[in-house]
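Residue strings, one per chain:
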Amino acid sequence: MFTSLILLLSLALCTYSSEHVEKCYHYVGCFDNSPPFDIANGHLPLSPEELDIKLHLFTTKNVAEPDVLDYKDASSIKQSHFNVKLPVKIIVHGYFSRGSGNWVTILKNEILKKEKVNVITVDWRIGAATVNYEQAIANTRMVAMQMKLLLKLMVDHLHLPLQNVHLIGHSLGAHTSGYVGHMFGSKIGRITAMDASEPNFKDADPTVRVDGSDAIFVDAIHTDSKPFTSFGVDGGLGLMMSYGDVDFYVNGGTDQPGCKTVMESIWNFFGMRKRSLSKTVACSHVRAHEVFIASINNPCLFRAFPCDNYKKFLRGECTTCGGEGCGVLGYYSNKYSKRGKKYLRTLSEDPYCGYQYEIKASIESTKDIWNADGELHINFGASVNDLTSSGILKVTDAKVDSLTYQGVIIVDKHVQPIEIVVAHVKSNRKDYPTPSFVINSLEVTSLDSNRKVSSVPGPYSAGGQISAVIPMLDGDAIIG
């Protein structure tokens, strides 16, 4: 699964074709490459027989063994475990992936663990596993058409309400889902677009890419959205532009914590550090479906905040819900009516969801900390011997105003109340020692509970291997 490298090679070798071509296939109809369907560089979808797309139904009655559905035969639906009274979740994988792949299976299982629904997986692995990325783009049109015809059978023969349908697509699968929604005139209930592909789609007509008009509700998850044009060194695979009703920019929508750069990943892979390239080169890209999966059965909520950009969010300038309102990323995002661009931080490992806190610290020796490319490490809990949570505020991410540092950290455990904070500074420069510093005051505000605690008046000195131990006083809840 050399997704990123193959994509780069494919686009480097492609040549543009302006010749108008049309292909027609029995039952599914005709396809041409006239605008806006020229995004595949003249390519048209392969035949249904060549693609051999599999549509598999899973329910709580057949979690492991699927029913095979046929988009040409209503009896395949009627004789299956399909229950028209239950919601329908359809999972669509992306480039160089497959419908029985690890993440698709995990997502299906997590959904069925949570509730009784119909889960349909769309396996178009043959059409997705081509070195020619633009042929894969063209093949998504056939995938979308077969999905549309299957849903039409359910509507015509079983009276399925389209508002009960939720399409969940990753990468090219996100655009495939959007095209299905477009063909139904935006009557589909929901589309979740997980890091929709950027190459060839950046400036594409909304007809051929996922868009907020494709369903009643469209939620977009951005995790790998660096411009693809910079891919030679460290580009991304996902769309940065906002295209949903609500767009979640996870850790800013680009480099995900725990993921290495493209070049580091390639070096590690060929250095015999055995991990698949899909989990290294495409690490940030696949994080989109990983956080979505983590949101289903985890009591922790991926709370996200309205903001103009991620830099302002990290600096603690967007830590209230304001007039636009906050959102919650993942499976339950449609239960929150707020729209627009939302930002959040996550942890580097599964379950990824953490608890976000705003830190505001008055620190002397700020110049030394800045010169050291320093990090303020925060540990807090009920006592010095019970420091259950820890987070890091990077100086370069913080808002610095005179002697005050302000920024957002994330920790893996929610602490209530916070009675003790232990803080120290770490230098990230080998030629610059860890500086001594004095914390005169400290405020810690939970972005989940909106509760603030403030330090007992200082000062608190620290430096080198010595940390500042700061007792805290519980404050009043903040209305955000």
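In case you missed it, the structure is sitting above this.
Residues numbered from 1 in each chain as written. Predicted model: local features only at pLDDT ≥ 70, side-chain atom pairs only at ≥ 80, totals over all residues. Heavy atoms only, no water.

Points about the state of the cysteines
What counts here: Two cysteine sulfur atoms form a disulfide, by the criterion used here, when they sit within 2.5 Å.
A complete count under the given rule lists five disulfides for this structure. For C24, the disulfide goes to C30, at an S-S distance of 1.9 Å. Judged by the sign of its S-S torsion, about 105°, the cystine formed by C24 and C30 is right-handed. With its sulfur 2.1 Å from that of its partner, C300 forms a disulfide with C353. Taking the torsion about the sulfur-sulfur bond, which here is approximately -75°, the covalent link between C300 and C353 counts as left-handed.

Some remarks on helix α6 (residues 133–158)
To be explicit about the condition: Helix and strand assignments follow DSSP, with helices taken as H or I runs no shorter than four residues and strands as E runs no shorter than two, numbered in order from the N terminus. What a helix should span is 1.5 Å times the count of its residues minus one. Buried, partly exposed and exposed residues are distinguished by accessible area as a fraction of the type maximum, computed with a 1.4 Å probe on protein chains only: under 20%, between the cut-offs, and over 50%, respectively.
Along its 26 residues, α6 runs 37 Å from first to last C-alpha, staying within 8% of the 38 Å computed at 1.5 Å per residue. By the criterion of burial, α6 is predominantly enclosed, with 20 of the 26 residues buried. Positive phi appears at H159, one or two residues downstream of α6, with a value of about 60°.

Some thoughts on the environment of I191
Note the following rule: For this analysis, residues touch if any pair of their heavy atoms sits within 4.5 Å.
By the secondary structure assignment, I191 is in strand β8 (residues 190–194). For I191 and A220, which are 29 residues apart along the polypeptide, the C-alpha to C-alpha distance reads 8.4 Å. Among residues more than four places away in sequence, those in contact with I191 are H166, L167, S177, G178, G181, V210, D214, A215, F217, V218 and D219.

A closer look at the nonpolar core
This is how the line gets drawn: Nonpolar cores are built from buried Ala, Val, Leu, Ile, Met, Phe, Trp, Tyr and Cys residues. Side-chain atoms within 4.5 Å join them into one set.
I90, V122, L151, M154, V165 and I188 are the most contacted members of the largest nonpolar core, which has 61 residues in total. Judged by nonpolar contacts, the second largest core, of 31 residues, contains W103, V119, L329 and Y331.

Considerations on the sheet that holds strand β13 (residues 340–344)
The line we're drawing: Between any two strands, at least two bridges found by DSSP are needed for them to pair. The axes used here are C-alpha line fits, helices contributing only the stretch in contact, and every angle between their N-to-C directions lies in the interval 0 to 180 degrees.
Spatially, 11 strands are ordered β4-β3-β6-β5-β7-β8-β9-β10-β13-β11-β12 in an open sheet, and the strand pairing comes out mixed. With one partner strand each, in any of the chains shown, β4 (67–69) and β12 (327–329) form the two edges of the open sheet. Averaged over all adjacent pairs, the angle separating strand axes in this sheet is 25°, with direction ignored. Looking at chain direction, strand β3 (residues 54–58) and strand β6 (residues 118–123) are connected through five bridges and run antiparallel.

A short note on the packing of aromatic side chains
To keep things clear, this is the line we draw: Only Phe, Tyr and Trp rings take part, Trp by its six-membered ring, and two of them pair if their centres are within 6.5 Å. Stacked means planes under 30 degrees apart, edge-to-face means over 60, and tilted covers everything else.
Per the stated rule, a full pass over the model turns up 12 aromatic pairs. Taking the centre distance of 5.3 Å and the plane angle of 20° together, the rings of Y249 and Y343 count as stacked. Of this pair, Y249 sits in strand β10 (residues 246–250) while Y343 sits in strand β13, and the two are 94 residues apart along the sequence. The pair Y249 / Y343 is uniform in exposure class, with both members buried. Measuring from centroid to centroid gives 5.2 Å for Y331 and Y332, while their planes differ by 90°, and the two rings are edge-to-face. Neither Y331 nor Y332 differs from the other in exposure class; each is buried. Through a chain of ring-to-ring contacts, the aromatic side chains of Y249, F305, Y310, F313 and Y343 assemble into a single cluster.

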